[in-house]
Amino acid sequence: MSLKSFDKFCERLILTEPGSQKEIFDERQNVMRSRLAIEALFVYVGLTLLNSMVMELFYQWAESWMTVTLLFMMLCLLWWEIRCAFKGCLLAVSGRYAQKYSAIMGIFIGALNGLRYVFDIGGEVFFVTNGRLSENLVFALCFLLLIVNGIFMLCVMRHEEKNNGEEIK
């Protein structure tokens, strides 16, 4: 190793933040993740179009179209992660710290934002307003799904850690 490359190595070692490693997937994982992402996007678009047709032509079952669209997005994200976990392409070959950090932040954000809606449960318009689901209920469901998403990611990481006998930092 030359002195210049050793200096570069030391510079990277000193200046990089601990745990700032990127997720690295192998080629098979990238292809499978892309296919499953496209599949989940098709499901999302289909649900959104079907919901738009139902809410426009038949019955507006929720107060806001946007909250329902957000709920569909969270459901499709969770469905995508479950499909990726079963196909073996959810976790990166290296850089799992970033995925663990994302899962913990998802749980934290979902819990903090969901607290607002937990305190509104006592109100008379929390569940149904004029025969439609209230915005508060749909947002509470979205934040609950965000927490479930983070817990699912941590469970998959723990299962993978047990199977491989390795320690995820």
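A brief report on the enclosed structure follows. (Residues numbered from 1 in each chain as written. Predicted model: local features only at pLDDT ≥ 70, side-chain atom pairs only at ≥ 80, totals over all residues. Heavy atoms only, no water.)

For the rest of this paragraph, the subject is the packing of helix H2 (residues 27-58) against helix H3 (residues 65-87). Interaxial distance between H2 and H3 falls to 9 Å at its minimum, and their mutual angle equals 150°. Taken together, H2 and H3 sit at an angle that is classed as roughly antiparallel. Crossing geometry of H2 relative to H3 is assigned as right-handed. Split by residue class, the contact of H2 with H3 holds 16 nonpolar, four polar and six charged. (Axes fitted to C-alpha atoms, helices over the stretch in contact; angles between N-to-C directions. Helix = DSSP H or I, 4+ residues; strand = E, 2+ residues; numbered from the N terminus. Parallel < 35°, antiparallel > 145°, perpendicular 65-115°, else oblique. Left-handed = near helix turned anticlockwise from the far one by under 90°. Nonpolar A, V, L, I, M, F, W, Y, C, P; charged D, E, K, R; others polar.)

On to helix H4 (residues 96-119), then. Taking 1.5 Å per residue as the helical rise, H4 with its 24 residues ought to reach 34 Å, and the 35 Å between its terminal C-alpha atoms agrees with that figure. For H4, the principal kink sits at Asn-113 and spans about 25°. Of all the residues in H4, the buried ones are Arg-96, Gln-99, Ala-103, Gly-106, Gly-110, Gly-114 and Tyr-117. Looking at the buried positions of H4, the neighbouring elements they touch are helix H5 (135-164). (Expected span 1.5 Å × (residues − 1). Bend = angle between axes of the 7 residues up to and from the residue. Buried < 20%, exposed > 50% of the residue type's maximum accessible area, 1.4 Å probe, protein only. Contact = heavy atoms within 4.5 Å.)

This next bit is on H5. The end-to-end C-alpha distance of H5 is 43 Å, a good match for the 44 Å that 30 residues give at a rise of 1.5 Å each. Every buried residue of H5 is accounted for by Leu-137, Val-138, Cys-142, Phe-143, Leu-145, Ile-147, Asn-149, Gly-150, Met-153, Val-156, Met-157 and Glu-161. Looking at the buried positions of H5, the neighbouring elements they touch are H3, H4 and strand E2 (132-133). Just downstream of H5, Gly-165 is the residue with a positive phi angle, here 70°.

Attention now moves to a nonpolar patch on the surface. On the surface, Phe-108, Ile-109, Leu-112, Leu-115, Val-118 and Phe-119 cluster together into a nonpolar patch covering about 610 Å² of accessible area. Here Phe-119 is to be found in helix H4. The exposed category is assigned to Phe-119, whose relative accessible area is 67%. (Patch = residues over 30% accessible without salt bridge, like charges linked within 9 Å, V, L, I, M, F, W, Y side chains within 5 Å. Areas by Shrake-Rupley, 256 points an atom, 1.4 Å probe, with all protein chains shown as cover. Salt bridge = Lys/Arg side-chain N within 4 Å of Asp/Glu carboxyl O.)

Let's shift gears to the nonpolar core. By size, the foremost hydrophobic cluster in this structure holds 11 residues: Leu-36, Ala-40, Trp-80, Cys-84, Cys-89, Leu-90, Leu-91, Ala-103, Met-153, Val-156 and Met-157. When residues in this core are grouped by element, the largest group, three residues, is from H5. Apart from residues no more than four positions distant in its own chain, Cys-89 is found in contact with Phe-25, Gln-29, Met-32, Arg-33, Leu-36 and Cys-84. If you look at the next biggest cluster of nonpolar residues, it comprises six residues, including Leu-71, Leu-78, Val-138 and Leu-145. (Core = buried A, V, L, I, M, F, W, Y, C linked by side-chain atoms within 4.5 Å.)

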